[in-house]
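Report on the structure
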Amino acid sequence: MNSIRRRLMLLIFAALWLAPASAWAAGNEIAWDRYGVGHVYAKSTADMFFGYGWAQTKSHGDALLKLYAEARGRAAEIWGQPEEQNDRWMAINGVPDRTRDWLAKQSPEFRGYLTAFARGINAYAAAHPEALSPQARKVLPVSAADVVGHSLRLFQYVYLAPPTLIDHLPAPAEEPNEPQGSNGWAIAPSRSASGHAMLLMNPHLPWPTGWSTYYEIQLTAPGIDLYGASQIGLPVLRFCFSDYLGFTQTVNYPNNVTLYRITTAPGGYLFDGRVLPFKVEHRAIKVLQTDGSLKVEPIEVRSTVHGPVVAEAGGAPVAMRVAGLDRPLALEQYWKMATAHDFAGYEAAQRMQQVPSFNVIYADRDGHIQYLLNGLVPKKQGRDLKYWSGLVPGDRSDTLWTSYLSYDELPKATDPKGGAAQNSNDPPWDAAWPATQDPKPYANQIASETVSLRMARGVRMLSETPKISVDALMQMKWSDRSELADRVLPDLIEATQLYGTDLAKQAAGVLAAWDRTTLADSRGALLFLDWADRKGAVSGYSPAGWARPYDLTRPLTTPSGLADPKAAAAALDAAAKDMLATTGALDTAWSKVMRIKTDGQDLPASGGPGRLGVFDVIDFAPPATDGARTANFGDSYIAIVSFDRPSRAKVLMTYSNASQPGSPHTADQAALLAKHQFRDAWRTRAEVQSNLESTDRY
């Protein structure tokens, strides 16, 4: 009976989502190369989107469909209690309702492309139901609304306002966390050894499969040939190049989520001396129980003029205002950015201002480069950034922002005289160093002096290399030298000689002999990381503990010095004791502990946490029972693009290009990462055919 029902479901599925068959032109295909990268060759743009949906589902179907269920706020119905927090957050913020509104506001042409992408997902699922998990199949069929809803959840409620945002009320933690990273560089022809502009794409995000997972693809149709990557579930490329131009992104923090402390009064809440009623809505989520039943959990949502009430602090409601909820066209903006043919067309797409965050670094074949602090930066009335980052009084209208900086008002560096633009999640002021931008006009909007020694390491490498070749750019990308060590080791060794124990002095000797890198065979890096993470030490992401604070006009020499040498020496003694207890030696090699473990492979890791001022960012999970720490964050999709005619690129997907069980491409690039090796981006038909693994036709 179940078999008959399943066949009937598939027939209905096909009738609803695949008919008429003539909608998809004969001759469309996806050529799969030997690293599991799909090359979509389509007869029309709609057919190309269809093929992209098919390809993503083949490579990451289970993860993709779970993401769509999460955006619906219905993942707990299928996966149970672990998804309850997400579904509750979607309900409180009205994501399903807003998704329907956003879909209706898409242009008819682009809505058709979104529908084609969803149909490609459904078509693969109908043709290969056995390839998907039983839970994933319960999400089917999907529609264009799921595609839009996923982008809304990702951009607004994962990047900007995740549910964990309210875990630390009433104020943010004082010490900065390791930022969700990325490096992005644009090199102008004046700095390029070949005379062609170049672009470094180097996002850093968590490695476990989910919202952060990148997917590499080539998309071709008449007049279109795009190559790059995006997070699974998205129908457009966020890291992209063509023969005309390319762009990459890094996470930024434009302070575009505000939490308001609401003052209640009989009948509602106070606002400009009046009592306004809360808007009250009743919603519900369903949670799968261990016995297979569904538990319905009602949710009462109260909203103010600021947004929904998301928490309480000191007995008072806290309402949240999130930027961009009135900007439904982020996906179309990315599409127009990618398909532009010159800087004017690209800039016209940027002026849409639909994407709520992310720095964008750009280069093109005409030699233009740009850094842009992209994002919806609220225009706020006075006060400072600390004020706006805390709990803001919600009882008056002068704290309620309603508009954003225009494209022309955003910090940017277009064709800088120095011939390079860079960002490593730092504020925009040093993007075109040695030229700097004045942060004063943005004092209540954008952080002005956030320490990033990873940025400083990048600026140092750029400043030391007047002419940069592709080979040199690849070497710079893999730089494992610790800028933090270069800044602090002489002072730490001196402090240890003055104040340290005998063990601390032995440790200082190890650090003095260390090559100051996090290469696999480096001895001293583990000890230095142990020290840097301790109270009394300093971090490449924190202003605390430095004798001379960060000065944005001197990124190569500040911050520097130890404010408390005695505490630093004591921290080294504690780190040395820990090293002996956990590894048995002070000079244990980096890769004895730091490993790349995936699908049965156990490989030595190079690279290190950004807080060490290392440009080649890899971070690691806490130690397992055997003492090993497994890489789980950092370098994700990497591309080095040279805008020759045609463009050429070196690429790597560090965790490989598929996650579906049984795929041969779930870990086939790990060895390249361990060796710091790139692949060629195969873009021509001849290159793809020479490296062909299989072909799907649709």
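Residues numbered from 1 in each chain as written. Predicted model: local features only at pLDDT ≥ 70, side-chain atom pairs only at ≥ 80, totals over all residues. Heavy atoms only, no water.

1. Points about the overall build of the protein chain
The helix and strand tally for the protein chain stands at 20 helices and 31 strands. Burial status across the protein chain gives 60% buried among its 698 residues. Carbon together with sulfur atoms contributes 53% to the accessible area of the protein chain, which is approximately 26400 Å² in total. Separation between the mean location of the 69 positive side-chain charges and that of the 72 negative ones in the protein chain comes to 3 Å. (Helix = DSSP H or I, 4+ residues; strand = E, 2+ residues; numbered from the N terminus. Buried < 20%, exposed > 50% of the residue type's maximum accessible area, 1.4 Å probe, protein only. Areas by Shrake-Rupley, 256 points an atom, 1.4 Å probe, with all protein chains shown as cover. Lys, Arg positive; Asp, Glu negative; His and termini not counted. Charge placed at Lys NZ, Arg CZ, Asp CG, Glu CD.)

2. Considerations on the sheet that holds strand E5 (residues 214-221)
The strand order across the open sheet built from 10 strands is E20-E18-E17-E8-E7-E6-E5-E2-E1-E31, with neighbouring strands paired in mixed fashion. A strand with exactly one partner marks an edge of an open sheet, and here the two such strands are strand E20 (412-414) and strand E31 (692-697). If you compare each strand with its neighbour and ignore which way they point, the axes differ by 15° on average. When strand E8 (residues 245-250) meets strand E17 (residues 359-364), the two strands line up antiparallel, connected through six bridges. (Pairing = 2+ DSSP bridges. Axes fitted to C-alpha atoms, helices over the stretch in contact; angles between N-to-C directions.)

3. Description of the pairing of strand E18 (residues 369-372)
Residues of E18 alternate between two faces, with Ile369 and Tyr371 on one and Gln370 and Leu372 on the opposite face, all of them buried. Pairing between E17 and E18: four bridges, direction antiparallel. Across the sheet, residue Ile361 finds its bridge partner in E18, namely Tyr371. The turn joining E17 and E18, which pair antiparallel and follow one another in sequence, is formed by four residues; a positive phi near 100° is taken by Gly367. Taken together, the three bridges between E18 and E20 define a ladder with antiparallel strand orientation. Residue Gln370 lies in a different strand from E20, and its bridge partner there is Thr414.

4. Some remarks on the packing of aromatic side chains
Enumeration according to the criterion identifies 29 aromatic pairs in this entry. Aromatic side chains Trp514 and Phe528 sit 5.1 Å apart centroid to centroid with 40° between the ring planes, which places their arrangement in the tilted category. You can see Trp514 sitting in the loop between helix H15 (502-513) and helix H16 (525-532) and its partner Phe528 sitting in helix H16, a full 14 residues away along the chain. Taken together, Phe155, Tyr159, Trp211, Tyr334 and Phe358 form an aromatic cluster joined through their ring pairs. Its guanidinium or amino end placed over the ring of Tyr35, Arg679 lies 5.1 Å from that ring's centre, counting from NZ or CZ. (Phe/Tyr/Trp six-rings, centres within 6.5 Å; stacked < 30°, edge-to-face > 60°. Lys NZ or Arg CZ within 6 Å of the ring centre and 35° of its normal.)

5. Overview of the sheet that holds strand E10 (residues 264-265)
Judged by pairing direction, the sheet is antiparallel, and its three strands sit side by side in the order E10-E11-E12 without closing on themselves. Edge positions in the open sheet fall to E10 and strand E12 (274-276), since each of these has one partner strand only. Two elements, strand E11 (residues 268-271) and E12, share three bridges in a ladder whose sense is antiparallel. Its bridge partner being in E12, Phe271 is matched across the sheet by Arg274.

6. Focus: the pattern of salt bridges
For the structure shown, the criterion picks out 41 salt bridges. Two residues, Arg88 and Glu84, come together in a salt bridge whose shortest N-O distance is 3.6 Å. Of the two residues, Arg88 and Glu84 both sit in helix H4 (residues 84-92), four residues apart, roughly one turn of that helix. Linking Lys577 and Asp573 is a salt bridge whose minimum nitrogen-to-oxygen distance equals 3.3 Å. One end of the pair, Lys577, and the other, Asp573, are both in helix H17 (residues 565-583), four residues apart, so they sit about a helical turn from each other. On the basis of relative accessible area, Asp573 is assigned to the buried category, the value being 11%. Connected through shared salt-bridge partners, Asp97, Arg100, Glu281 and Arg283 make up one network. (Salt bridge = Lys/Arg side-chain N within 4 Å of Asp/Glu carboxyl O.)

7. What about the nonpolar core?
Formed by 209 residues in total, the largest nonpolar core has its most connected members in Phe528, Trp531 and Tyr637. With 12 residues, helix H2 (residues 45-72) is the largest single contributor of residues to this core. Once you skip the residues sitting within four places of it in the chain, Trp531 turns out to touch Val488, Leu492, Ala537, Val538, Ala568, Ala571, Leu572 and Ala575. Counting residues in each nonpolar core, the second largest holds 15 residues, with Tyr260, Ile262, Tyr269 and Leu400 among its members. (Core = buried A, V, L, I, M, F, W, Y, C linked by side-chain atoms within 4.5 Å. Contact = heavy atoms within 4.5 Å.)

8. A closer look at the side chain of Arg457
Take Arg457: it is sitting in helix H12 (residues 453-463). There is no salt bridge for the buried Arg457, and the closest opposite charge comes from Glu483, which lies 4.1 Å off by N-O distance. For Arg457, the residues in contact, after removing those within four places along its chain, are Ser479, Arg481, Glu483, Gly613 and Phe615.

9. Some details on unusual backbone geometry
Put simply, Leu140 and Pro141 share a cis peptide bond, and its omega is -5°. Examined against the element boundaries, Pro141 turns out to sit in the loop between helix H7 (134-137) and helix H8 (144-160). Omega for the bond connecting Thr558 with Pro559 falls within 30 degrees of zero, at 0°, which places this linkage in the cis form. In this structure, Arg516 is a non-glycine residue whose phi angle is positive, near 65°. Mapped onto the secondary structure, Arg516 falls in the loop between H15 and H16. Arg516 sits in the partly exposed class, given a relative accessible area of 22%. Even without being a glycine, Ser656 presents a positive backbone phi close to 75°. Within the element layout of this structure, Ser656 appears in the loop between strand E29 (648-653) and helix H19 (670-674). Classification of Ser656 by relative accessible area gives buried; the value is 1%.

10. Focus: H4
Across the nine residues of H4, seven count as buried, placing the element largely inside the fold. Buried within H4 are the following residues: Glu84, Asn86, Asp87, Trp89, Met90, Ala91 and Ile92. One or two positions beyond H4, positive phi appears at Gly94, with a value near 65°.

11. Comments concerning the pairing of strand E6 (residues 224-231)
Along a regular strand, successive side chains alternate from one face of the sheet to the other. With seven of its eight residues buried, E6 lies for the most part within the structure. The antiparallel hairpin formed by E5 and E6 contains two residues in its connecting segment, where Gly223 sits at a positive phi of about 80°. When E6 meets strand E7 (residues 239-241), the two strands line up antiparallel, connected through three bridges. Looking at E7, one finds that Gly228 is bridged to Cys240.

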